[in-house]
Amino acid sequence: MKLRALLIAVAGAACIAAASDPAERLPDPRQEAAAREIFRDVRCLVCQNESIDDSEAELAQDLRRIVRDQVKAGKSESEIKSFLTDRYGEFVLLRPSFSAGNMALWLGPFLVAAAGIALLFARLRKRAPDAELDAVEERRIAALMDDDAS
């Protein structure tokens, strides 16, 4: 029982340590909530599969500061994301916008695989059947097999 209480205390301390610095937070709760919502959609470029909300990397801290500054300046979510993508590329977004370039990246491998399968079937259909042996060849094979049997 004491071990369980100790583990709970350690987990609680870890959660408090992982929380963002209160000095970084915006004084207006609505602005802070808007910034936190944007944090969840922005990728930490160091960690790559974490949002800047979850990451403790220095770059994630810098990105959080940039987002908060822009939220404080009254910029909209789309303006902030546009600023980040202009600066860091669309990879900075965990959920990139739908575009023709992204569609080509997602559909390209499937189209290449479909073309390969179609080419394989076309080549298999055009393949000529194996030719039948003529009488001379059959006699020769029979003679060779008789020589092997004896």
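Whatever comes next refers back to the structure up there.
Residues numbered from 1 in each chain as written. Predicted model: local features only at pLDDT ≥ 70, side-chain atom pairs only at ≥ 80, totals over all residues. Heavy atoms only, no water.

### Focus: a negative patch on the surface
A cluster of acidic residues, Asp130, Glu132, Asp134, Glu137 and Glu138, forms a negative patch at the surface. For Glu132, a relative accessible area of 74% corresponds to the exposed category. (Patch = residues over 30% accessible without salt bridge, like charges linked within 9 Å, V, L, I, M, F, W, Y side chains within 5 Å. Areas by Shrake-Rupley, 256 points an atom, 1.4 Å probe, with all protein chains shown as cover. Salt bridge = Lys/Arg side-chain N within 4 Å of Asp/Glu carboxyl O. Lys, Arg positive; Asp, Glu negative; His and termini not counted. Charge placed at Lys NZ, Arg CZ, Asp CG, Glu CD. Buried < 20%, exposed > 50% of the residue type's maximum accessible area, 1.4 Å probe, protein only.)

### So, the packing of aromatic side chains
All chains considered together, the criterion is met by 0 aromatic pairs. Between the NZ or CZ atom of Arg43 and the centre of the ring of Phe91, over which it lies, the distance is 4.3 Å. (Phe/Tyr/Trp six-rings, centres within 6.5 Å; stacked < 30°, edge-to-face > 60°. Lys NZ or Arg CZ within 6 Å of the ring centre and 35° of its normal.)

### So, the packing of helix α2 (residues 29–39) against helix α3 (residues 58–72)
One way to put it is that α2 packs onto α3 with a least axis distance of 9 Å and a crossing angle of 135°. With respect to each other, α2 and α3 are oriented oblique. At the point where α2 passes α3, the crossing takes the right-handed sense. Two secondary-structure elements touch here, α2 through Gln31, Glu32, Ala34, Ala35, Arg36, Ile38 and Phe39 and α3 through Arg64, Val67, Arg68, Val71 and Lys72. Partitioning the contact of α2 with α3 into residue classes produces 6 nonpolar, 1 polar and 5 charged. (Axes fitted to C-alpha atoms, helices over the stretch in contact; angles between N-to-C directions. Helix = DSSP H or I, 4+ residues; strand = E, 2+ residues; numbered from the N terminus. Parallel < 35°, antiparallel > 145°, perpendicular 65-115°, else oblique. Left-handed = near helix turned anticlockwise from the far one by under 90°. Contact = heavy atoms within 4.5 Å. Nonpolar A, V, L, I, M, F, W, Y, C, P; charged D, E, K, R; others polar.)

### Focus: the side chain of Ser55
Of note, Ser55 is situated in the loop between α2 and α3. Polar side-chain contacts of Ser55 include one of 3.1 Å to the backbone nitrogen of Ala57. Each residue touching Ser55, except ones within four places of it in the same chain, is listed here: Cys44, Cys47, Glu50, Ala60 and Arg64. (Polar contact = N/O pair within 3.5 Å; in protein donor to acceptor, adjacent residues only side chain to side chain.)

### As for a nonpolar patch on the surface
A contiguous nonpolar patch, built from Phe98, Met103, Leu105, Trp106, Leu107, Phe110 and Leu111 and spanning about 920 Å² of accessible area, is present on the exposed surface. Tracing the backbone through its elements, the reader meets Leu105 in helix α5 (residues 100–126). Residue class for Leu105 comes out exposed when judged on its relative accessible area of 64%.

### Side note on the nonpolar core
The biggest cluster of nonpolar side chains holds 17 residues, and the ones touching the most others in it are Val42, Ile52, Val67, Val71 and Leu84. Secondary structure elements with two or more residues in this core: α2, α3 and α4 (77–88). When residues no more than four places from it in sequence are discounted, the contact partners of Ile52 are Phe39, Val42, Arg43, Cys44, Ala60, Leu63, Arg64 and Val67. (Core = buried A, V, L, I, M, F, W, Y, C linked by side-chain atoms within 4.5 Å.)

### Some points on α3
With 15 residues, α3 should cover 21 Å at 1.5 Å per step; its first-to-last C-alpha distance of 21 Å lies within 8% of that length. Along α3, the residues classified as buried are Ala60, Leu63, Arg64, Ile66, Val67, Arg68, Gln70 and Val71. One or two steps after α3, the chain reaches Gly74, where phi turns positive at roughly 90°. (Expected span 1.5 Å × (residues − 1).)

### Observations regarding the packing of α3 against α4
When two helices pack together, their arrangement is given by the angle between the helix axes and the distance between those axes. At a minimum axis separation of 10 Å, α3 and α4 run at an interaxial angle of 140°. Here α3 lies oblique to α4, going by the angle between them. For the element pair α3 and α4, the recorded crossing hand is right-handed. On α4, the residues touching Leu59, Leu63, Ile66, Val67, Gln70 and Val71 of α3 are Glu79, Ile80, Phe83, Leu84, Arg87 and Tyr88. Considering only residue class, the contact of α3 with α4 consists of 9 nonpolar, 1 polar and 2 charged.

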